[in-house]
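# Observations on chain architecture
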Amino acid sequence: MPRFDDENLVSCAGLVPVMALAEQAGLSELISSKVAVGSVRVKSAGVNPAGKITSIVAGMAAGADCIDDLDVVRSGGMGRLFGGVYAPATLGQFLREFTHGHALQLASVARAHLVGLVTTTGLLPGIGTRAFVDIDSLLRPVYGHAKQGASFGHTKIAGRQVLRKGLSPLATSISTEHGAPVVAGIRLRAGRAGSGKGAATMVAEAIRTARAAGAAGEILVRGDSAYGNSVVVGACVRAGARFSVALTKNRAVSRAIATIPADAWTPVHYPGAVVDPDTGQLISDAHVAEVPFTAFGSKAKKHQVTARLIVRRVRDRAKTDELFPVWRHHPFFTDNTEPTADADITHRAHAIIETVFADLIDGPLAHLPSGRFAANAAWATCAAMTHNLLRAAGTLTSPRHAVARGATLRRQIVTVPARLARPQRRRVLHLPTHWPWAQQWTRLWNHVLATGPPAAAA
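None of the values given here were measured: they were computed from a predicted structure.

## What to know about the overall build of the protein
Regarding its fold elements, the protein presents 15 helices and 14 strands. Compactness check: the protein gives a C-alpha radius of gyration of 24 Å against a globular reference of 23 Å for 458 residues, within 12% of the reference. Across its three principal directions, the C-alpha atoms of the protein cover 80 × 55 × 45 Å. Every one of the 458 residues in the protein was classed for burial, and the buried ones make up 50%. Residue pairs in contact within the protein that sit at least 24 positions apart in sequence constitute 68% of those at least 6 positions apart. For the protein, the accessible area works out to roughly 21,500 Å², and carbon and sulfur atoms hold 54% of it. One way to put it: in the protein the 51 positive side-chain charges average out to a point 8 Å from where the 31 negative ones average out.

## Examining the domain arrangement of the protein
Looking at the assigned domains, one finds that the protein contains domain 1 (9-224 + 351-414) and domain 2 (244-334). Put simply, the middle of domain 1 and the middle of domain 2, counted by C-alpha atoms, are 36 Å apart.

## Quick look at the sheet that holds strand β1 (residues 9-10)
Taken together, the 3 strands give an open sheet; going across it, the order is β1-β13-β14, and neighbouring strands pair in antiparallel fashion. Strands with a single pairing partner mark the edges of an open sheet, and in this sheet they are β1 and β14 (428-430). One ladder, built from 3 bridges, connects strand β13 (residues 418-421) with β14; its direction is antiparallel. The residue bridging arginine 419 from the neighbouring strand is histidine 430, located in β14.

## What about the packing of aromatic side chains?
Given two aromatic rings, one states the distance between the centres and the angle between the planes to describe the pair. Considering all chains together, one arrives at 6 aromatic pairs under this definition. A ring pair is formed by tryptophan 435 and tryptophan 437, whose centres lie 5.6 Å apart and whose planes are at 70 degrees; its orientation type is edge-to-face. Ring centres 5.6 Å apart and planes at 20 degrees place the aromatic pair tryptophan 441 and tryptophan 445 in the stacked group. Of the two residues, tryptophan 441 and tryptophan 445 are both situated in helix α15 (residues 438-449); the distance of 4 residues between them amounts to about one turn of the helix. Owing to a relative accessible area of 27%, tryptophan 445 belongs among the partly exposed residues under this scheme. An aromatic cluster of at least three residues, connected via ring pairs, comprises Phe243, Phe293, Phe296 and Phe333.

## A closer look at the nonpolar core
Counting 127 residues, the largest nonpolar core has Leu15, Leu106, Leu309, Phe333 and Trp379 as its most contacted members. Among the domains, domain 1 (9-224 + 351-414) and domain 2 (244-334) are the pair contributing at least three residues each to this core. Among all residues touching leucine 309, those that are not within four sequence positions of it are Leu247, Val253, Ala256, Ile257, Ala289, Glu290, Val291, Phe293, Pro331 and Phe332. The next biggest cluster of nonpolar side chains, apart from the first, holds 5 residues, and it includes Val268, Tyr270, Ala286 and Val288.

## What to know about unusual backbone geometry
Most peptide bonds take the trans configuration, and most residues that are not glycine carry a negative phi. The backbone of leucine 124 sits at a positive phi, close to 60 degrees, despite the residue not being glycine. One can find leucine 124 in the loop between α6 (100-121) and β2 (130-137). In this model, phenylalanine 296 sits at a positive phi of 65 degrees, which is unusual for a non-glycine residue. Judged by its relative accessible area of 14%, phenylalanine 296 is buried.

## Focus: the packing of α6 against helix α12 (residues 373-397)
α12 packs onto α6 with a crossing angle of 5 degrees between their chain directions and a minimal axis gap of 9 Å. Comparing the axis directions of α6 and α12 gives the class roughly parallel. Of the residues in α12, those in contact with His100, Ala103, Leu106, Ala107, Val109, Ala110, Leu114, Leu117 and Thr121 of α6 are Ala374, Ala377, Ala378, Thr381, Cys382, Met385, Asn388, Leu389, Ala392, Thr395 and Leu396. When the residues that make up the contact of α6 with α12 are grouped by side-chain class, the tally is 15 nonpolar, 5 polar and no charged.

## A closer look at the environment of alanine 206
In this structure, alanine 206 sits in helix α7 (residues 199-212). Sequence separation of alanine 206 and isoleucine 135 is 71 residues, and the distance between their C-alpha atoms is 9.3 Å. Residues contacting alanine 206, with those up to four places away along its chain left out, are Val133, Thr172, Ile174 and Ala184.

## Details of the pairing of strand β12 (residues 327-334)
Direction of pairing for strand β8 (residues 242-246) relative to β12: antiparallel, over a ladder of 3 bridges. Directly across from alanine 246, in β12, lies its bridge partner phenylalanine 332. Two strands pair when backbone bridges link them, and strand β11 (residues 305-315) and β12 are joined in this way by 8 bridges, in the antiparallel orientation. In the sheet register, valine 314 faces β12, and the bridge partner there is arginine 328.

## Focus: the pattern of salt bridges
Side-chain pairs of opposite charge can arise whenever the charged atoms involved come near each other. One pass over the structure, following the stated rule, counts 12 salt bridges. The closest approach of N and O atoms between arginine 242 and glutamate 218, which form a salt bridge, is 3.4 Å. Within this pair, whereas arginine 242 is found in strand β8, its partner glutamate 218 is found in strand β7 (residues 218-223), the two being separated by 24 residues in sequence. Among the residues examined, arginine 242 registers a relative accessible area of 29% and is labelled partly exposed.

Each value, and the rule that gives it
Within each chain, residues carry numbers counting from 1 in the order of the written sequence. For a predicted model such as this one, the threshold for reporting local features is a pLDDT of at least 70, and the threshold for listing and counting side-chain atom pairs is 80 or more; totals across whole chains, interfaces and linings nevertheless cover every residue. Each side-chain value is worked out from all heavy atoms of the structure, with water and hydrogens disregarded. The helix and strand labels rest on DSSP assignments: H or I over at least four residues marks a helix, E over at least two residues marks a strand, and numbering proceeds from the N terminus. The size measure is the radius of gyration over C-alpha atoms, and the globule rule it meets is 2.2 Å times the number of residues to the 0.38 power. Any residue under 20% of the maximum accessible area for its type is buried, any over 50% is exposed, and the rest in between are partly exposed; the area is computed with a 1.4 Å probe on protein chains only. Residues count as neighbours in contact if any of their non-hydrogen atoms are within 4.5 Å of one another. Residue exposure ignores everything except the shown protein chains as possible cover, and the areas themselves are Shrake-Rupley values with a 1.4 Å probe. The charge count treats Lys and Arg as positive and Asp and Glu as negative. His and the chain ends do not count. In this description, the location of a charge corresponds to atom NZ of lysine, CZ of arginine, CG of aspartate or CD of glutamate. What marks off one domain from the next here is an automatic or database domain assignment. Here, strands pair whenever DSSP counts at least two bridges between them. Between 30 and 60 degrees the pair is tilted, below 30 it is stacked and above 60 it is edge-to-face, where a pair is any two Phe, Tyr or Trp rings, Trp via its six-membered ring, whose centres lie within 6.5 Å. Definition of nonpolar core: a set of buried residues of the types Ala, Val, Leu, Ile, Met, Phe, Trp, Tyr and Cys, connected through side-chain atoms within 4.5 Å. Only C-alpha atoms enter the line fits that serve as axes; for helices the fit covers just the stretch in contact. Angles between N-to-C directions range over 0 to 180 degrees. In these notes the angle categories are as follows: under 35 degrees is roughly parallel, over 145 is roughly antiparallel, 65 to 115 is roughly perpendicular, and the rest is oblique. When residues are grouped by polarity, Ala, Val, Leu, Ile, Met, Phe, Trp, Tyr, Cys and Pro land in nonpolar, Asp, Glu, Lys and Arg in charged, and all others, Gly among them, in polar. When a carboxyl oxygen of Asp or Glu is within 4 Å of a side-chain nitrogen of Lys or Arg, the pair counts as a salt bridge.

Here's what the structure looks like:
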């Protein structure tokens, strides 16, 4: 007969090395120095922001996707492993005291903590040589009439544009050729906000964060057509970064495409492309070509930029009966110095930011739990911090876990059951025999805790 009566059982033993890693990167110290919740509606609601935010991050790392789920860090023996764990009601009240200014303070903590994680764990390998900054937005659906900022915005479902009520986070990510993407910044906006609203400042912040994390070499900023404008490109140029952004086809772009000679088009070999075994040719009709182009010609001279217009063309499958092939053209504007085909492959890798969105939606960003806009903004920032923390923990665990999904990291590393014992007044965690990932889990533990208690980063 089942009984929930054992106070020594721990459901999420992996939180011990994960949260110790967060402290080694200076999380509590950063929160204490940057986040100050002053005047509050409820007495004591703004006390100890460091303890409350770390409780939220710990709950998210254990799989919480709403405020009530944060209670997972108080079950069984969790209270004996961690001090100062707060109840969900207290954490919810704390989030509701946030204002726009407090959300900006927390965003500053998230950027600094990412830098600390890169320094502590070797996250983002190869960042000193080349780094990629990607920007994109998504629409998270919300329901009811009590959500501040909720409004109808455009989103794509199964390839179709639909109107949906929600809130629209704008996010930037940093990745490298050998490192999985992490969240450089996330900003919550109203559902009807245009995709490019606030993009220039987000790009500038992401570039500064990448530089602080060790990106001494080239930084390439990538985005779709919502970010192919003079404001975003100008922010990249001023920050000393390269850009690769899609352009909406207008008359100037169409005229430039029409000037490309017929013999200038070359096939492009995408990673994973299939080769016909009989002919040795690619089973693909994608070709690329380029032409010099001055973008934003309707703007003042100082806002105009001359660089490469690279165009990818593919057969229009809806018009296969035509006498001559009909092509669809997909242009993007870049100052990337790679050869044409390589630059196209690099630009299309911008889709890597969708893996970040998938992780967030499959985790703490499944819901925006509060009725208050600033509380949801803080929740989104905590979700980004949790994503980066799990990514750093995976980097210390194994090469496979360094690129694993957040759900995989939670299942294999964080939510490991254990029994807490105290022989000779020493706390000992007894974990399951034959745990499939015991070796990797032990490697993470040794990386973080074998040299003694974690110390806050300076």
